[in-house]
Amino acid sequence: MRKVAAPRFYFSLRSPYSWLAFEDLYSRYPDIVSKLDWRPFFEPDEQSERMLTEAGGRFVYTPMSKEKHLYILQDVRRLATERELEVGWPVDRAPCWEVPHLAYLAARENCRGLGFIDLAYQARWGEGRNICDPAVIEELGDRLGLDGAELATAHESERYRKLGLDTLMDLYQDDVFGIPLFVNGRQKYWGLDRLATFAAAVRADKRFEPAPRAAELAVVADPRASDFGPAGGCG
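Residues numbered from 1 in each chain as written. Predicted model: local features only at pLDDT ≥ 70, side-chain atom pairs only at ≥ 80, totals over all residues. Heavy atoms only, no water.

For this particular structure, what's the right way to read the pairing of strand β2 (residues 37-40)?
Sheet faces and side chains relate simply in a regular strand, where the side chains alternate between the two faces. The two faces of β2 match: Asp37 and Arg39 on one face and Trp38 and Pro40 on the other face are all buried. With four bridges joining them, strand β1 (residues 8-11) and β2 adopt parallel strand pairing. By the bridge assignment for β2, Phe9 is matched with Trp38. Regarding the hand of the β-α-β motif, the stretch spanning β1, helix α1 (residues 16-28) and β2 is right-handed. (Buried < 20%, exposed > 50% of the residue type's maximum accessible area, 1.4 Å probe, protein only. Helix = DSSP H or I, 4+ residues; strand = E, 2+ residues; numbered from the N terminus. Pairing = 2+ DSSP bridges. Right-handed = clockwise from strand over helix to strand, strands pointing away.)

As structure tokens, this is what we get:
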């Protein structure tokens with residue numbers, strides 16, 4: 001029997017809308033968190049882009065205009081205020097997005113993927129810190145009880161670069177043009193405002209049984225303490 005693909009959440013540690021989607025998942029839809037396949041989205045540097053081209057893929061995302069960027073600053077502040085969240089606006093200077101996103105892949109292998117996402121979002125959007133700084137990543141890894149140095153240098157590792165290439169190929173093959181993007185079967189849902197519809201579809205999908213009440217309570221009671229990944233693996 002062919003294995004059924006889990007619902008996918010394409011997120012970016014750079015994106016404020018992905019951050020808000022993460023917060024909404026835990027606060028409004030905690031029962032589907034463990035059902036999702038969490039896949040990172042990041043803009044490739046020269047090395048990653050060369051690897052992607054050689055593999056037959058391409059990065060389909062189009063950089064935003066200045067006008068759209070200014071609108072997003074206003075919009076995110078409104079949305080964060082509605083959720084009683086404070087935004088610490090980060091300043092990105094020559095960022096390398098492989099640094100935090102390949103670190104996520106390393107954390108995921110140690111079953112601490114969601115814990116890393118949580119801390120990275122807190123650092124970037126709550127505190128305005130530079131998560132492309134390996135020193136910041138090392139600190140986050142240490143706080144998770146992992147080898148912080150391994151996470152901080154994941155972008156220098158040939159092995160994690162190859163895993164990063166697999167991730168970029170996923171983006172290409174799923175036609176990911178923007179984030180957050182949610183995928184359930186053949187259905188795609190783009191944007192924070194589509195999360196409710198996506199969550200309802202996942203809950204209604206009989207292929208995925210509802211999480212036990214005890215598991216739901218564990219997520220609601222302390223989402224920072226435990227790491228919940230897709231069935232059969234680490235998030």
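Here the narrative resumes.
Whenever I open this one, the layout of surface pockets confuses me. Can you help?
Any space left empty among the atoms is revealed by the rolling of a water-sized probe across them. By volume, the largest pocket is sized at about 930 Å³. Around the largest pocket, the lining is made up of 33 residues, and of these Pro16, Tyr17, Tyr61, Met64 and Ile72 lie nearest the centre. Among the secondary structure elements, those contributing two or more residues to the lining of the largest pocket are α1, α3 (66-82) and α5 (113-126). At six residues, α3 tops the list of elements feeding residues into the lining of the largest pocket. Tallied by class, the residues present in the lining of the largest pocket amount to 19 nonpolar, six polar and eight charged. (1 Å grid on protein atoms, 1.4 Å probe; cavity = no way out; pocket = protein on both sides within 12 Å on 5 of 7 lines; lining within 4 Å. Points joined across faces, edges and corners; volume = space filled by probe spheres on them. Nonpolar A, V, L, I, M, F, W, Y, C, P; charged D, E, K, R; others polar.)

I would appreciate a short explanation of the pattern of salt bridges in the present structure.
Should the charged atoms of two oppositely charged side chains come close, the side chains can pair. Taken as a whole and assessed by the stated rule, the structure comprises 18 salt bridges. Through salt bridges with shared partners, a single network forms among Asp24, Arg28, Glu82 and Arg83. (Salt bridge = Lys/Arg side-chain N within 4 Å of Asp/Glu carboxyl O.)

What should I look at first to understand the nonpolar core in this one?
Side chains of nonpolar character tend, in soluble globular proteins, to be buried together. Of all hydrophobic cores here, the largest spans 67 residues; its most connected members are Leu25, Trp38, Phe116, Ile117 and Ile137. Leave out the neighbours within four places in its chain, and Leu25 touches Phe9, Pro30, Ile32, Val33, Leu36, Trp38 and Leu195. (Core = buried A, V, L, I, M, F, W, Y, C linked by side-chain atoms within 4.5 Å. Contact = heavy atoms within 4.5 Å.)

Please explain the sheet that holds β1 as it appears in this structure.
Adjacent strands of a sheet pair through backbone hydrogen bonds, lying either parallel or antiparallel. With respect to topology, four strands assemble into an open sheet ordered β2-β1-β3-β4, the strand pairing being mixed. With partners counted over all chains shown, the strands left at the sheet margins are β2 and β4 (187-190), one partner each. On average, adjacent strands in this sheet sit at an angle of 20 degrees to one another, irrespective of strand direction. Pairing analysis gives four bridges linking strand β3 (residues 181-184) to β4, with the strands arranged antiparallel. Bridge pairing in β4 links Phe182 to Tyr189. (Axes fitted to C-alpha atoms, helices over the stretch in contact; angles between N-to-C directions.)

Is there a simple way to explain the packing of aromatic side chains in this structure?
Think of a pair of aromatic rings as described by two things: how far the centres are apart, and how the planes are tilted against each other in angle. Scanning the model with the defined rule gives 14 aromatic pairs in all. Here the aromatic rings of Phe9 and Trp38 are separated by 5.0 Å at their centres, their planes lie at 65 degrees, and the arrangement is edge-to-face. Taken together, the residues span a long stretch of sequence, with Phe9 in strand β1 and Trp38 in strand β2 at a distance of 29 residues. Trp38 shares its class with Phe9; the two are buried. Between Phe41 and Phe59 the ring centres are 5.4 Å apart and the planes differ by 45 degrees, which places this aromatic pair in the tilted class. Here Phe59 lies in the loop between α2 (46-54) and α3 and Phe41 lies in the loop between β2 and α2, a separation of 18 residues in the sequence. Residue Phe41 is classed as buried on the basis of its relative accessible area of 1%. Members of the aromatic cluster, connected to one another through ring pairs, are Phe9, Phe11, Phe22, Tyr26, Trp38, Tyr104, Tyr121, Phe182, Tyr189 and Phe198. Over the face of the ring belonging to Tyr160 we find Arg159, whose NZ or CZ atom lies 5.0 Å from the ring centre. (Phe/Tyr/Trp six-rings, centres within 6.5 Å; stacked < 30°, edge-to-face > 60°. Lys NZ or Arg CZ within 6 Å of the ring centre and 35° of its normal.)

It is not clear to me how a negative patch on the surface should be interpreted in this structure. Could you clarify?
Side chains of Glu138, Asp142, Asp147 and Glu150 sit close together on the surface and give a patch of like negative charge. Accessibility expressed as a relative area gives 33% for Glu138, which makes it partly exposed. (Patch = residues over 30% accessible without salt bridge, like charges linked within 9 Å, V, L, I, M, F, W, Y side chains within 5 Å. Areas by Shrake-Rupley, 256 points an atom, 1.4 Å probe, with all protein chains shown as cover. Lys, Arg positive; Asp, Glu negative; His and termini not counted. Charge placed at Lys NZ, Arg CZ, Asp CG, Glu CD.)

Is there a simple way to explain the environment of Arg8 in this structure?
The topology assignment puts Arg8 in strand β1. When its relative accessible area of 9% is taken as the criterion, Arg8 is described as buried. Here the alpha-carbon distance between Arg8 and Asn184, two residues 176 residues apart in the chain, equals 6.5 Å. The residues touching Arg8, leaving out its near neighbours within four places in the chain, are Asp37, Arg39, Asp174, Leu181, Phe182, Val183, Gly185 and Phe198.

Sorry, what's going on with the side chain of Arg161 here?
Looking at where Arg161 falls in the secondary structure, it is placed in helix α8 (residues 158-173). Only 2.8 Å separates the side chain of Arg161 from the backbone oxygen of His155, close enough to count as a polar contact. Contacts of Arg161, omitting those with residues within four sequence positions, involve Asp45, Gln47, Ser48, Met51, Glu98, Leu102 and His155. (Polar contact = N/O pair within 3.5 Å; in protein donor to acceptor, adjacent residues only side chain to side chain.)

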